[in-house]
Amino acid sequence: MTTEQEHRSVGSWGRGAVAFLERFGILIFLVLLIVFFYSQNNRFLSQRNIFNILTEVSIYGVIAVGMTYVILTAGIDLSVGSVLAFAAMCGAVIAKGASEDRFSSGSNVDTGWAAAMATACMVGLVAGWIHGLATTKLKVPPFVVTLGGMTVWRGATLVLGKGGPISGFDDSYRMWGKGELWGVPVPIVVFAIVAILGHIVLRYTPFGRKVYAVGCNREAARLVGVNTDRVITSVYVIVGLLSGLAGFLLSARLSSAEAVAGEMFELRVIASVVIGGTSLFGGIGGIGGTVVGAILIGVLINGLVIMNVGAYYQQIIIGVIIVLAVAFDTFAKSHRSR
Amino acid sequence: MTAPDPMREGTPQLCLSVQNITKRFPGVLALDNVSLEIAPGEVHALLGENGAGKSTLLKILSGAETSDAGTITFGGRILPPERPLDRQARGIATIYQEFSLLPELSIAENVFLGREPLQFGFVQWRRMFRETSRILERLGITINPRTPVARLSIAEQQMVEIARALSMRSDLIVMDEPTAALGSREVKRLHAIVNDLRRQNIAVLYITHRLEEVPLLCDRFSVLRDGRLVGTGPIGGTETDDLVRMMVGRDVEFERQGGRAVAGSTVLEARGLRTRLSSRGGSVSLKNVSIEIRSGEVLGIAGLVGAGRTELARTLFGADVLHDGELLVDGKKTRLRSPRDAIRRGIFLVPEDRKQQALFLTQSTCRNLTLPSLKRLLRMWWFVDERAEERLLDEYRGKLNIRMATGRQLISSLSGGNQQKVVLSRLMACRPKVLILDEPTRGVDVGAKAEIHQILVDLARRGVAVVVISSELAEVMAISDRVITMREGCITGELNALEATEETLMSRMAIETIT
């Protein structure tokens, strides 16, 4: 007790500053990054560019919300990009009917998008459920299960699409990728809704509490009666479903379900979650950080393009900044525990 | 010093002489002016209850701790404070109760770990295997030195530890409860090896809780109690009863509360429980254990480390797999497949290792407390009512006198006693019928200990069946109404708490019953 009081008297201002840094470190980093890009090119903060960035972010951001759940249980899902592609392809097949007219534009039913969306989400959900069962029942580590899933679902996509894309959707379908709602691009609205729901479930429901508990100490959770297998399976179902949803949005945006859609997405998604302060060891983190992390990556990619940095150099810079961002965050956090 | 003449006349030069060692930890005097002498080729028994200071002395000898005062003379020279590796190099080898072997590596690699024979920077595998075989032969065991340690039995792993000590050409081998995990046949083999070491003039400091082996094996003994040396001398003429008296002879710390209960009906009954050794941890299996747990009383389970107490607790809770036997909850035959099954029937467990098995260290105190009660703290059907959570926290904070600043504080910032009170509150909030506590006051300071005892007795008075497992006899006697003693996975006695004394308990826990 006394040491704690001493700490406080040493400098409440210093302590406050550190606590502030710890909490908002990544946010400050993001703001600095935005200021920097804006100083390089003031088109960076034009409304068009902001929407452009956020629409890009929304696609993988939706998955990152689900990935936050997975990583909070100390798991990982490497298959999200492949599940995205497969789910989108399944949705496209349903929407377009027979594959003969797969390059023709338009379709005969206006409700094609609804069937496609429902199919994509269901397919993602089932894929996630399979991953969850494999980790909990077969006791295969999630890294391995989803590494396998990564190639399985990609292969399945290629089989289903016969190696090529399915493209040309009607307007109501494309609206989900390119349309606007209250002047805001639809994917951004979807992302916002998903993030808010994700936050509420995580923060205010017993299920959310159990996710933290399982990630923090699985054995202790089991011994107080938490059905740990069910919680773990659920988080893979959630990330699968959201990958399916993201697949649908991406196909609507590109007006095409591509066999190569979402390649390397897993890295972007996991980076968003980790930059957002969620611990890979589970039990620490939240959706708020993930949203900031996802936007940070989007800002980086877009900013470098606007600055005309060559595509090859972009990759190098992004990798370095991701590591620096997490190092900055860790540094800020380590100061409090001392 | 490696091979002094065993036929030397007169008093042999001492191998080890410990003079006036004192060691203080915050709040405890762990060793108080302890002196000890061991001659070469002597097997010296070091006895004492849990917490008597044996481990501290052992750590000081091995170099893991330094003493505050006193000297250690070894091989005629006073030893400076130094690291464990230097102590090993001087010839003091320590075999800890929990082995320090690397399970994936071979026997030879473990024996020569960190001291591999090298040539031009490369390991000389053949030489390593050859030398290991030679040492194993000396111990009378024929196992291929290439075998991974994970495939060995506990007893064989013990032999590997001894082989390591021998490979260092030690003059003194300290063994910390080497027989705690061994069956009687393996114990005999270990005794043969120790006798062999004696013939080779190697001194052995032998820490044990099994008193029956002391007269068979040891030459002299020393008894520690509360950090003080209370007796030392040659074994000849000393009865095990005298040793027990020396070990426990002190006032009971806690006021006796138990023994007065009017026990209610039997709520949980076990008949003929048997378990198998599980792959993960656990060195004992239950052998035909039958007990009755009654509402309204505190049942104490006493036993030494490795007696099967924790295994019994986990089996009653559905956390370990039952191999044979049956459980009856409220008189009805029941199968408990998981802790969830047990909890549904009102059986709760406070596990042995608070950090590893009970706490969510990255979470707030409040969340740690309310987790199993969330179902009853909802509003608008789905959402956790945070105000109700706080009310629950405040209720138990008052009832159990939990000291903390706010519920949002991380549980890891509380003291051990307060953490344990949170764990208790968490289960009390679920209204248990049966509450099993495995070492409920481990790592808890004396004040909080007494408070926890009071809580448990109160719970029993209100009709809960409380089962307390503890290595501290004083604790078991203070709160139990009935005491069961265990040893090697069997129940060795049942006593009314008023009849129980430390002597009667200790003899049932530690001395082999003749069957």
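A quick note: this is a predicted structure, and the numbers were derived from the prediction, not measured.

Caption draft 1: A look at the overall build of chain A. The helix and strand inventory of chain A stands at 14 helices and four strands. Per-residue burial for chain A yields a buried fraction of 47% across its 338 residues. At a minimum sequence separation of 6, the contacts of chain A that also span at least 24 residues come to 81%.

Caption draft 2: Inspection of the interface of chain B and chain A at higher detail. Of the residues lining the interface, 23 residues belong to chain B; the matching set on chain A comes to 17 residues. Sorting the residues of the side of chain B that touches chain A by element identifies helix H10 (339-344), helix H11 (354-358) and strand E20 (383-384) of chain B as the ones contributing at least two each. Its residues assigned to classes, the side of chain B that touches chain A comprises 15 nonpolar, four polar and four charged.

Caption draft 3: Here's a closer look at the nonpolar core. Residues and elements named next belong to chain A. Within the largest apolar cluster, 237 residues are counted, with the highest numbers of intra-cluster contacts made by Ile63 and Ala88. For this core, the element with the highest residue contribution is helix H11 (residues 228-254), accounting for 15 residues. When near neighbours in sequence (up to four residues on either side) are disregarded, Ile63 contacts Val80, Val239, Leu242, Ser243, Ala246, Phe265 and Val269.

Caption draft 4: Expanded view of the sheet that holds strand E14 (residues 289-294) of chain B. Residues and elements named next belong to chain B. Taken in spatial order, the four strands of this open sheet run E14-E13-E16-E17, and their pairing is antiparallel. A strand with exactly one partner marks an edge of an open sheet, and here the two such strands are E14 and strand E17 (332-334). Neighbour-to-neighbour, the strand axes of the sheet open up by a mean angle of 20°, direction not taken into account. Pairing geometry for strand E16 (residues 324-329) and E17, over three bridges, is antiparallel. Bridging across to E17, Val329 finds its partner in Lys332.

Caption draft 5: View of the pairing of strand E12 (residues 228-234) of chain B. All names here are of chain B. Where strand E11 (residues 220-225) and E12 come together, six bridges link them in antiparallel fashion. What sits directly across from Leu224, in E12, is Leu229. Hairpin connection, E11 to E12: the antiparallel pair is bridged by two residues, and Asp226 has positive phi, about 50°.

Caption draft 6: Up close: the sheet that holds strand E9 (residues 172-176) of chain B. All names here are of chain B. Taken together, six strands build an open sheet; the order of strands is E6-E9-E10-E3-E11-E12 and the sheet is mixed. Every other strand in the sheet has two partners, leaving strand E6 (92-95) and E12 as the edge strands with one partner each. Between one strand axis and the next, the sheet turns through 15° on average, direction left out of account. Of the strand pairs in this sheet, E9 and strand E10 (residues 203-207) are connected by five bridges, and their pairing is parallel. Each bridged residue has a counterpart across the sheet, and for Met175 the counterpart in E10 is Tyr206.

Reading guide: rules and limits
Residues numbered from 1 in each chain as written. Chains lettered and ligands numbered in written order. Predicted model: local features only at pLDDT ≥ 70, side-chain atom pairs only at ≥ 80, totals over all residues. Helix = DSSP H or I, 4+ residues; strand = E, 2+ residues; numbered from the N terminus. Buried ≥ 20, exposed ≤ 12 C-beta atoms within 10 Å, placed from the backbone. Contact = placed C-beta atoms within 7 Å. Nonpolar A, V, L, I, M, F, W, Y, C, P; charged D, E, K, R; others polar. Core = buried A, V, L, I, M, F, W, Y, C linked by C-beta atoms within 7 Å. Pairing = 2+ DSSP bridges. Axes fitted to C-alpha atoms, helices over the stretch in contact; angles between N-to-C directions.

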